[in-house]
Amino acid sequence: MKSSMYNNDTNTQTKITSVNNLINTLNTLTDIDSLTKSNDNTISSKQNSINSSILNITQKEQDLVSLENTYLTTQTKNQIDLNTQLQNISALEKSLEVSKQSLVELLE
């Protein structure tokens, strides 16, 4: 009878140990799942940050192209205005010369 109780006790201990091992294994798997979810969230967050940065860079590149076009347009307009002013000065200088000659002729 003692032997039978001893065997039952040993079997019970073995089963308890087995159940404890199974619980530890499940806990480990749960921890791994939690870590995996955390890593997935971190990766997703970093991917979102990268996508946002790419969008920001694209917008800045478009802004730069727009500013360059504005600069070139302004530069062209200013060059046209300068050429017009130079032509006006030249015309006024010619007119002044003609007026001087007319005055000299009148004074003679």
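Structure: see above.
Note that this is a predicted model, so its numbers are computed, not measured.

**Comments concerning the overall build of the protein**
- Scanning the protein for helices and strands turns up one helix and zero strands.
- By the burial criterion, 0% of the 108 residues in the protein qualify as buried.
- Of the accessible surface of the protein, which amounts to about 10000 Å², a share of 58% is contributed by carbon and sulfur atoms.

**Section: the pattern of salt bridges**
- Applying the stated criterion across every chain, the model contains one salt bridge.
- Ionic pairing is found between Lys 77 and Asp 81, a salt bridge with its closest N-O pair at 3.0 Å. Of this pair, Lys 77 and Asp 81 both sit in helix α1 (residues 2–107), separated by four residues, roughly a single helical turn.
- With relative accessibility at 35%, the residue Asp 81 sits in the partly exposed group.

The rules we used
Residues numbered from 1 in each chain as written. Predicted model: local features only at pLDDT ≥ 70, side-chain atom pairs only at ≥ 80, totals over all residues. Heavy atoms only, no water. Helix = DSSP H or I, 4+ residues; strand = E, 2+ residues; numbered from the N terminus. Buried < 20%, exposed > 50% of the residue type's maximum accessible area, 1.4 Å probe, protein only. Areas by Shrake-Rupley, 256 points an atom, 1.4 Å probe, with all protein chains shown as cover. Salt bridge = Lys/Arg side-chain N within 4 Å of Asp/Glu carboxyl O.

Coordinates in, geometry out; function isn't part of it.
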